[in-house]
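Fold and geometry: a report
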Amino acid sequence: MTHTRRLQLKTIPLILICIILGPLGNVLLGKAMKGVGSLNSVRILDLAPIVPRVLMSGYIWLGIACLLGFFTAHMLLLTWADYSYVQPASSLSYVSIATLSYFVLGEAISPLRWLGVAVICLGVFVVGRTSPSTTGAPKDA
Amino acid sequence: MREAILFFFIVVAGTAGELCVSRAMKSIGEVHDFSPRSILSFVLQALRLPWMWLGIALMSLGFFSLLAILSFREVSFVVPVSALSYAAGAFGAKAFLGERISANRWMGIAVVCLGVTIVWWSRR
């Protein structure tokens, strides 16, 4: 098996985990923060009373748990794959973020926004077809 | 304006943080074994690196900015716009990690930026 093939076998499952957990985490954070109310002030003193309300929200902690899972999978990927490969490849998550926002949060997503998300994914596809690692010396395993 | 400042932190601080983490990870080397024990030792090893902590600090700044903006904007707007970190990531990875960005990658990144622009237009 070539080095590239072996890399893909462990890279793809981890990227799938990133695509699901990352957006789910963001959607849960969005749900929590909408419940807290708009942070209109930039003054620290005005933000202080909001902090306990944020910390008491169960959704914040669920969201953070999902993002920690995402972060761990992402860190593992970064030990062998280029940052400029991992970041775009794991970002098919833009489709799942729009889908989850629609179903879980009931956000209205205009056709223009779907078009934007689709164009982002097309960009991701183009980048994802480039080689996973350019800085290390590839060896056959 | 407030929105622009928060997006700046999400994109620039978030990306700079990830680049620092990537630099720390590369100095540990490729992970071959996925047993819980080796993952734990890998995490402990990572936490000893200053780059890791700088990365965590910058990513935290990006994260709190994300929380702030999510309190008044839709998730389906905020997250796609923060895809601008692709462009920031490519410039950073080239300058700071010595990664070579091929013409194809640059083209993909340009398409991503076009998508972000379209999502920005969908702002209500």
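The sections below set out a description of the structure shown in this document.

The rules behind each value
- For every chain, the first residue of the written sequence is number 1, and numbering continues from 1 onward in sequence order.
- All chains are assigned letters beginning with A, and all ligands numbers beginning with 1, in the order in which they are written.
- Per-residue local features are limited, in this predicted model, to residues with pLDDT of at least 70; the limit for side-chain atom pairs, both in listing and counting, is 80 or more; totals at the level of whole chains, interfaces and linings are taken over all residues.
- Working from all heavy atoms in the structure, the side-chain values ignore hydrogens and water.
- Counting from the N terminus, the helices are the DSSP runs of H or I reaching at least four residues and the strands are the DSSP runs of E reaching at least two.
- Throughout this description, buried means an accessible area under 20% of the type-specific maximum (1.4 Å probe, protein chains only), exposed means over 50%, and partly exposed covers the range between.
- Note on definitions: a residue-residue contact is assigned when non-hydrogen atoms from the two residues lie within 4.5 Å.
- Areas reported as accessible are Shrake-Rupley estimates using a 1.4 Å probe. Residue values count occlusion only from the protein chains shown.
- Neither His nor the chain ends is counted toward charge; the positive residues are Lys and Arg and the negative residues Asp and Glu.
- Here the site of a charge means atom NZ of a Lys, CZ of an Arg, CG of an Asp or CD of a Glu.
- A side-chain nitrogen of Lys or Arg and a carboxyl oxygen of Asp or Glu constitute a salt bridge if their distance falls within 4 Å.
- One fewer than the residue count of a helix, multiplied by 1.5 Å, yields its expected span.
- We define the nonpolar core as a collection of buried residues of types Ala, Val, Leu, Ile, Met, Phe, Trp, Tyr and Cys that are connected through side-chain atoms lying within 4.5 Å of one another.
- In this description, buried area is defined as the sum, over both parts, of the accessible area (probe of 1.4 Å) that is lost when the two are combined.
- Definition of a polar contact: a pair of N or O atoms within 3.5 Å, with one able to donate and the other able to accept a hydrogen when the atoms are protein atoms, and with sequence-neighbouring residues admitted only if both atoms are side-chain atoms.
- Arc definition: directions from the helix axis to the C-beta atoms.

Turning our eyes to something else, we now look at the overall build of chain B. Across its full length, chain B carries 6 helices and 0 strands. Element order for chain B, N to C, with α for helix and β for strand: α-α-α-α-α-α. For chain B, the C-alpha atoms occupy an extent of roughly 50 × 35 × 25 Å along the three principal directions. Each of the 124 residues in chain B was classed as buried or not, and the buried ones make up 48%. Within chain B, residue pairs in contact and separated by at least 24 positions form 79% of the contacts whose partners lie at least 6 positions apart. When the accessible surface of chain B is split by element, carbon and sulfur atoms take 71% of a total near 5,900 Å². Once the 11 positive and 6 negative side-chain charges of chain B are each reduced to a mean point, those two points are 5 Å apart.

Take the pattern of salt bridges next. With the rule as written, the count across this model stands at 4 salt bridges over all chains. The salt bridge partner of E3(B) is R73(B), with a shortest N-O separation of 2.4 Å. Of this pair, E3(B) sits in helix α1 (residues 2-28) while R73(B) sits in the loop between α3 (50-70) and α4 (75-81), and the two are 70 residues apart along the sequence. Each member of the pair, E3(B) together with R73(B), is buried. Between R73(B) and E74(B) there is a salt bridge, with its nearest N and O atoms 3.8 Å apart. Exposure class is identical for R73(B) and E74(B). Each is buried. Among the charged side chains, a network of salt bridges with common partners joins R113(A), E3(B), R73(B), E74(B) and R123(B).

Turning our eyes to something else, we now look at the side chain of S65(B). Within the secondary structure layout, S65(B) lies in helix α3. What S65(B) contacts, discounting residues up to four positions off in sequence, is L6(B), F9(B) and I10(B).

The first and last C-alpha atoms of helix α4 (residues 58-78) of chain A sit 30 Å apart over 21 residues, in line with the 30 Å expected at 1.5 Å per residue. Within α4(A), burial applies to I60(A), G63(A), C66(A), L67(A), F71(A), A73(A), H74(A), M75(A), L76(A), L77(A) and L78(A).

The biggest cluster of nonpolar side chains holds 35 residues, and the ones touching the most others in it are Y94(A) and I120(A). Contact partners of I120(A), with chain neighbours within four places excluded, come to Y94(A), P80(B), A83(B), V112(B), G115(B), V116(B) and V119(B). Of all hydrophobic cores here, the second largest spans 22 residues; its members include I15(A), L76(A), V21(B) and A24(B).

Here we come to the interface of chain B and chain A. Chain B puts 59 residues into the contact, and the matching count from chain A is 58 residues. Taking both partners together, chain B and chain A bury about 4,700 Å²; carbon and sulfur atoms supply 67% of that area. Our count for the contact surface shared by chain B and chain A stands at 1 salt bridge. In this structure, R113(A) engages E74(B) in a salt bridge whose closest nitrogen and oxygen atoms are separated by 3.2 Å. Seen at the junction of chain B and chain A, the total is 9 residue pairs in polar contact (both at pLDDT 80 or more).

Residues and elements named next belong to chain B. Given the relative accessible area of 11%, E3 is considered buried. Within the structure, E3 has its side chain in polar contact with the side chain of R123 (distance 2.8 Å). Residues contacting E3, with those up to four places away along its chain left out, are I69, F72, R73, F77, W120 and R123.

A few words now on helix α2 (residues 36-47) of chain B. Its 12 residues place the ends of α2(B) 17 Å apart at the C-alpha level, agreeing with the 16 Å of an ideal helix rising 1.5 Å per residue. Where α2(B) is concerned, the buried positions are S38(B), F42(B) and A46(B). Buried residues in α2(B), looked at end-on, bunch into an arc of 80°, giving them a common side. Turned more than 90 degrees off the buried face of α2(B), the exposed positions are P36(B), R37(B) and L40(B). As for α2(B), its buried residues are in contact with α4 of chain A together with α1 and α3 of chain B.

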